[in-house]
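# Structural description and commentary
If you want the building blocks of each chain, they are given just below.
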Amino acid sequence: MNILITGGNGYIGSHACLVLQQAGHGVVSLDNLSNSRADVAERVARISGRPLRLVEGDVRDRELLERVLRQEKIEAVFHFAGLKAVGESVSRPLRYYDCNVGGAVALCRAMAAAAVKVLVFSSSATVYGEPARMPVAEDCPLGEPTNPYGRSKLMIEQILADLSRADPSWRIARLRYFNPVGAHESGLIGEDPSGEPANLMPYVAQVAAGKRESLQVFGTDYPTADGTGVRDYIHVMDLVEGHLAALEYLRRHPGLLTVNLGTGRGLSVLEMAETFARVSGRPVPYRVTARRPGDVAACWADPALAQRLLGWRAQRSVEDMCRDTWRWVSGGVGGARE
Ligand code: NAD
Ligand code: WQD
């Protein structure tokens, strides 16, 4: 199939471009480069051995989108483009609603105009808010996300549900990611946050690399085994392979699919830091600070539905996640962007 990847220059989108190319699909990437380096597409092409066309543009530009959909004879869209910094969304909510919600509406309208009705959407476990029960299954009541970013994802999920009800010929997958980490084994692509990382794994990696002095552990008084936050970390390669499985499912089933993409295993902050130190051979010093506002104590997925419907489950270990992250960060390409 010919597939358009919005946000294809970003962390998860670039890995999706690679896996789809390696599966034999034709891939076009569209990205406004607001949070990624221009040369990522070249690095994906170097790994896959296939050219990757990057259209520099904004997902809110309906005319551009419609032109690309028609000219490239696109048959499906993977929609990764968007803003994802939880803290920034609190201080700049309109930027997030315009980019995430406005971008999704513009994309769907361009797709409808071009008669392209296969869409895979990057949703987030954040739509569950403070999950009512653990592990989190798809029928878990959707909570009240604690920030505009999470609310933007929930709004888009609802928009897609309404679109599917209005026109059942759409084939839509809403994939709820838990905590994607890791990098492709080549060390050529990976998570490349600009400035100080907000997320645990890139911060731990930069401490191990000597780019940050020590890790702040946001609270050790949670009701968990060691008192620190527990999350479901999933290797980005497992995550994008789940997207491939979702696309194959949509090719056989019209309608709306909603699945969690997680491992079903919870890992604490201290467990992650200790694993990273062991795998990298570098110390990861830390200091305990206050809880981060908005954090939940624990959140991990029930991955049974993806296994049953898609025949997919995460394969890679926490050690793989740390090893591949370390290769990316220590190998020079994935250094901290200032
Ligand atoms: P990322 O920032 O690395 O990638 C997003 C890409 O989209 C960037 O290359 C950016 O330049 C581009 N972009 C942003 N706004 C755009 C716009 N208006 N038009 C065109 N391009 C635009 O983020 P990521 O970690 O790869 O996340 C990809 C998607 O997955 C996002 O929608 C995010 O909300 C979602 N997600 C991420 C995580 C995570 O922890 N990384 C978890 C759950 C969901
Ligand atoms: C993980 C754990 C922190 C940093 C976020 C977004 C979510 C999704 C994934 C987009 C928590 C602790 C972290 C640090 C720490 N993104 N921590 N020190 O918060 O589960 O999810 O990223 O969709 O929407 O909310 O991930 O990596 O920020 O935190 O102690 O310097 O690590 O308290 O327990 P989170 P995270």
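The structure we're discussing is the one just above.
Presented here is an overview of the structure given in this document. (Residues numbered from 1 in each chain as written. Chains lettered and ligands numbered in written order. Predicted model: local features only at pLDDT ≥ 70, side-chain atom pairs only at ≥ 80, totals over all residues. Heavy atoms only, no water.)

Taken together, 18 residues sit near ligand 2, with Tyr149, Leu200, Gln216, Arg231 and Asp295 positioned nearest. At a separation of 3.2 Å, an oxygen atom of ligand 2 approaches a polar side-chain atom of Ser124. For ligand 2, an oxygen atom lies 2.8 Å from a polar atom in the side chain of Arg292. Protein coverage of the free-state accessible area of ligand 2, which is 690 Å², stands at 87%. Per-element accounting of the shell around ligand 2 gives the leading share, four residues, to strand E8 (residues 215–218). Taken together, the residues of the shell around ligand 2 break down into nine nonpolar, six polar and three charged. (Near = heavy atom within 4 Å. Polar contact = N/O pair within 3.5 Å; in protein donor to acceptor, adjacent residues only side chain to side chain. Areas by Shrake-Rupley, 256 points an atom, 1.4 Å probe, with all protein chains shown as cover. Helix = DSSP H or I, 4+ residues; strand = E, 2+ residues; numbered from the N terminus. Nonpolar A, V, L, I, M, F, W, Y, C, P; charged D, E, K, R; others polar.)

The next subject is the packing of aromatic side chains. According to the stated counting rule, one finds two aromatic pairs in the structure shown. Taking the centre distance of 6.4 Å and the plane angle of 45° together, the rings of Phe78 and Phe80 count as tilted. A relative accessible area of 14% places Phe80 in the buried class. Where Phe276 meets Trp326, the ring centres are 6.0 Å apart and the plane angle is 90°; that geometry is what we call edge-to-face. Within this pair, whereas Phe276 is found in helix H9 (residues 269–280), its partner Trp326 is found in helix H11 (residues 318–330), the two being separated by 50 residues in sequence. For Phe276, a relative accessible area of 0% translates into the label buried. Judged by its relative accessible area of 13%, Trp326 is buried. Here the basic side chain of Arg291 rests over the ring of Tyr222, its NZ or CZ set 4.1 Å away from the ring centre. (Phe/Tyr/Trp six-rings, centres within 6.5 Å; stacked < 30°, edge-to-face > 60°. Buried < 20%, exposed > 50% of the residue type's maximum accessible area, 1.4 Å probe, protein only. Lys NZ or Arg CZ within 6 Å of the ring centre and 35° of its normal.)

The subject of this paragraph is the side chain of Glu138. Looking at the secondary structure, you find Glu138 in the loop between strand E5 (118–124) and helix H6 (148–166). Buried charge without a salt bridge: Glu138, with Arg176 as the nearest opposite-charge side chain at an N-O distance of 6.6 Å. Within the structure, Glu138 has its side chain in polar contact with the backbone nitrogen of Asn260 (distance 2.6 Å). The contacts of Glu138, once residues within four sequence positions are left out, are Tyr128, Arg176, Thr258, Val259, Asn260, Asp302 and Leu305. (Lys, Arg positive; Asp, Glu negative; His and termini not counted. Salt bridge = Lys/Arg side-chain N within 4 Å of Asp/Glu carboxyl O. Contact = heavy atoms within 4.5 Å.)

As a structural note, the neighbourhood of ligand 1 is formed by 27 residues, with Asp31, Asn35, Ser36, Lys84 and Tyr149 the closest of them. At a separation of 3.1 Å, a nitrogen atom of ligand 1 approaches a polar side-chain atom of Asp58. Measuring from an oxygen atom of ligand 1, one finds a side-chain N or O atom of Lys153 at 2.9 Å. Bound to the protein, ligand 1 loses 95% of the 820 Å² it would expose on its own. Breaking the shell around ligand 1 down by element, the ones donating at least two residues are helix H1 (11–22), E5 and H6. Residue contributions to the shell around ligand 1 peak at three residues, all from E5. Taken together, the residues of the shell around ligand 1 break down into ten nonpolar, twelve polar and five charged.

Turning to the sheet that holds strand E4 (residues 76–79), a few remarks are in order. Here seven strands make up an open sheet; going across it, the order is E3-E2-E1-E4-E5-E6-E11 and the pairing parallel. Single-partner strands in this sheet number two, and they are strand E3 (53–56) and strand E11 (255–261). On average, adjacent strands in this sheet sit at an angle of 20° to one another, irrespective of strand direction. Of the pairings in the sheet, the one linking strand E6 (residues 171–177) to E11 comprises seven bridges and is parallel in character. Residue pairing for E11: Ala173 is matched across the bridge by Leu257. In the packing of H6 onto the sheet, the strands contacted are E5, E6 and E11, and the crossing angle to E5 comes to about 150°. Taken strand by strand, helix H8 (residues 236–252) contacts strand E1 (2–6), E4, E5, E6 and E11, and its axis lies near 155° from that of E6. (Pairing = 2+ DSSP bridges. Axes fitted to C-alpha atoms, helices over the stretch in contact; angles between N-to-C directions.)

Distances and angles like these do not, on their own, reveal function.
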